Amino acid sequence: MNKKVALLMSGGDASSYCAYLLKEQGYEIYGIYLKLHGREELHAANIRNIQKASSHLGFAYDVLDAQELFKEHVYSEFVRGYQEGRTPNPCAMCNPRMKFGFAFTKAMEMGCDYIATGHYARVEKGRIKEAFDSHKDQSYFLFGIPQEAIDRVIFPLGNMLKQDIKPIALSKLPWLGSIETYKESQEICFVETDYVDVLKQHVSVEQEGEIVNTEGQKIGKHKGYMQYTIGKRKGFSVKGAHTPHYVLAIHPKENQIVVGTKEELAKNRVLAHPLALPHDFEPRECMVKIRYRSPKVPAKVHLDAQGQLIANLKEHAYGVANGQALVLYDGDLVLGGGFIVHSEIASS
């Protein structure tokens, strides 16, 4: 009897190719499309594409409406995060709660043996592993998924280069050329243009405020603090400045942003609220990432008396933002991580 796998499908050509790869490997496929947001026109196009893949490849699929759960655990937290001066990471919140939480539970209830997604990642030794395509690797966003899901997940694209997938897929599945296409999927599924446009639907984002330096001196005006993230150097002007200035801190209650030089942006100690760590976690040295596109930095990590995850970096990191994920790596394997709540320059 063939093993049954629940394939989370986006409606794009890559997820249809995942279905093909899994079928070639002998799995019985059950497609799942998650409705997470209110963009109904996009949902309709995606579901039509999945229907086409379903009829060509011969598998059943279902559409699960999870909009209320997504709103509670991801969308509302996204809006609240910016209101509170953080830079939330909705994909890192969505994966453990929705795809490998809600959908994984549904898949197991349906009698599936595995769950599969089109993420660029791999699994090794019971850990999430970086993808073969280092430029598209998504292991950072998967740090928080539960072990029970890691033990049953399949990433069909994990050993492939993204640039190779479309031409190979079209040669194997010519009908893919007729599926409806849209702009390559955004980093955030519910953001059509810019995250500020999403915030505008719920809060006032255009409240002009003061720009101050690290001494507290008023040196300019900003357009509204929610339009800025740590490390940003555009969208504001500083009186008399001859060198680039970066956002160092955001103070929502005062409607202020603090700016300074790149050197002032440096941090070497990061505190995070842990979301997923090995049950036998001990103080250790490892590599850490503080943002998806940031390079790994060597660090000593441990839990303090309050249970906070502390990373003492051996090199300075720039653009450390509350709300982003602090992800721990052992080589190319993900150890776990948490969401950043504080960062600072600590004396050695």
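Residues numbered from 1 in each chain as written. Predicted model: local features only at pLDDT ≥ 70, side-chain atom pairs only at ≥ 80, totals over all residues. Heavy atoms only, no water.

Visitor: How should the overall build of the protein be read in this particular structure?
Guide: On a plain count of helices and strands, the protein comes out with eight helices and 17 strands. Over its C-alpha trace the protein gives a radius of gyration of 22 Å, about what one expects of a compact globule, namely 20 Å for 348 residues. On the principal axes, the C-alpha backbone points of the protein span a range of 70 × 45 × 35 Å. The long-range fraction of contacts in the protein, counting pairs at least 24 apart against all pairs at least 6 apart in sequence, stands at 63%. Carbon together with sulfur atoms contributes 47% to the accessible area of the protein, which is approximately 17100 Å² in total. (Helix = DSSP H or I, 4+ residues; strand = E, 2+ residues; numbered from the N terminus. Rg over C-alpha atoms; globule rule 2.2 N^0.38 Å. Contact = heavy atoms within 4.5 Å. Areas by Shrake-Rupley, 256 points an atom, 1.4 Å probe, with all protein chains shown as cover.)

Visitor: Help me out: how do you make sense of the state of the cysteines in this one?
Guide: Simply put, the disulfide is a covalent bond whose two ends are the sulfur atoms of two cysteines. Enumeration over the complete set of coordinates arrives at zero disulfides. Lacking any disulfide linkage, Cys 18 is separated from the closest cysteine sulfur, that of Cys 112, by 15 Å. Considering cysteine sulfurs only, Cys 189 is the nearest to Cys 94, which forms no disulfide, with 6.3 Å between them. Its relative accessible area of 6% is what places Cys 94 among the buried residues. (Disulfide = S-S within 2.5 Å. Buried < 20%, exposed > 50% of the residue type's maximum accessible area, 1.4 Å probe, protein only.)

Visitor: Looking at this structure, how should I read the sheet that holds strand β11 (residues 256-260)?
Guide: The strands that make up a sheet pair up through hydrogen bonds in the backbone, lying either parallel or antiparallel. Across the sheet, four strands lie side by side as β9-β8-β11-β10; this open sheet has mixed pairing. Each edge of the sheet is formed by a strand with only one pairing partner; in this case those strands are β9 (218-222) and β10 (246-251). Shown here is a sheet whose adjacent strand axes are inclined to one another by a mean of 30 degrees, direction ignored. Of the pairings in the sheet, the one linking strand β8 (residues 209-212) to β9 comprises four bridges and is antiparallel in character. (Pairing = 2+ DSSP bridges. Axes fitted to C-alpha atoms, helices over the stretch in contact; angles between N-to-C directions.)

Visitor: Just to check I follow, could you spell out the packing of aromatic side chains for this structure?
Guide: Counted under the stated rule, the structure contains nine aromatic pairs. Seen in terms of ring centroids, Tyr 17 and Tyr 20 are 5.8 Å apart; in terms of plane orientation they differ by 15 degrees. Their pairing is stacked. One end of the pair is Tyr 17 and the other is Tyr 20, both in helix α1 (residues 13-24) and three residues apart, which spans about a single turn. Comparing Tyr 17 with Tyr 20, the two get one shared label, buried. Ring centres of Phe 78 and Tyr 82 lie 5.3 Å apart, and the angle between their planes is 75 degrees; on these two criteria the pair is classed as edge-to-face. On the criterion of helical spacing, the pair formed by Phe 78 and Tyr 82 is a turn pair, its members being four residues apart in helix α3 (residues 67-83). Take Phe 78 and Tyr 82: they sit in the same class, and that class is buried. Members of the aromatic cluster, each reached through a chain of ring pairs, are Phe 78, Tyr 82 and Tyr 195. Residue placement shows Lys 262 over the ring face of Tyr 318; its charged tip is 5.2 Å from the ring centre. Here the guanidinium or amino end of Lys 296 rests over the ring plane of Tyr 329, the centre of that ring lying 4.4 Å away. (Phe/Tyr/Trp six-rings, centres within 6.5 Å; stacked < 30°, edge-to-face > 60°. Lys NZ or Arg CZ within 6 Å of the ring centre and 35° of its normal.)

Visitor: Even after reading the chapter, I still don't get the side chain of Asn 49, so can you show me in this structure?
Guide: With respect to the element layout, Asn 49 can be found in helix α2 (residues 40-57). Within polar-contact distance, the side chain of Asn 49 engages the backbone oxygen of Gly 11 at 3.0 Å. (Polar contact = N/O pair within 3.5 Å; in protein donor to acceptor, adjacent residues only side chain to side chain.)

Visitor: What exactly am I supposed to notice about the pattern of salt bridges here?
Guide: Pairing is possible between side chains of opposite charge, provided their charged atoms come close. All told, the structure shown has 13 salt bridges when counted by the stated rule. Arg 269 is paired through a salt bridge with Glu 344; the nearest N and O atoms lie 3.2 Å apart. In this pair, Arg 269 is assigned in strand β12 (residues 266-276) and Glu 344 in strand β17 (residues 333-344), connecting sequence segments 75 residues apart. Residues Lys 314 and Glu 285 are paired through a salt bridge, measuring 3.0 Å at the closest nitrogen-oxygen approach. Residue Lys 314 is found in strand β15 (residues 309-318), and its partner Glu 285 is found in strand β13 (residues 284-289); the two are separated by 29 residues along the sequence. By relative accessible area, which is 47% here, Lys 314 ends up partly exposed. Taken together, the salt bridges that share partners define one network made up of Glu 77, Arg 80, Glu 84 and Arg 86. (Salt bridge = Lys/Arg side-chain N within 4 Å of Asp/Glu carboxyl O.)

Visitor: What exactly am I supposed to notice about the packing of α1 against helix α6 (residues 162-172) here?
Guide: Geometrically, a packed helix pair is captured by the angle between its two axes and the distance between the axes. For the pair α1 and α6, interaxial distance at closest approach is 10 Å and the crossing angle is 60 degrees. With respect to each other, α1 and α6 are oriented oblique. With respect to the hand of their crossing, α1 and α6 are arranged in left-handed fashion. The segment α1 lies against α6, with Asp 13, Tyr 17 and Tyr 20 engaging Ile 165, Lys 166, Ile 168, Ala 169 and Lys 172. Among the residues making up the contact of α1 with α6, the classes are represented as five nonpolar, no polar and three charged. (Parallel < 35°, antiparallel > 145°, perpendicular 65-115°, else oblique. Left-handed = near helix turned anticlockwise from the far one by under 90°. Nonpolar A, V, L, I, M, F, W, Y, C, P; charged D, E, K, R; others polar.)

Visitor: What should I look at first to understand unusual backbone geometry in this one?
Guide: The phi torsion at Lys 125 lies on the positive side, around 55 degrees, for a residue other than glycine. Positionally, Lys 125 belongs in the loop between β5 (121-124) and β6 (127-130). Backbone geometry places Asn 255, a non-glycine residue, at a positive phi of 55 degrees. Note on placement: Asn 255 falls in the loop between β10 and β11. Judged by its relative accessible area of 14%, Asn 255 falls in the buried class.

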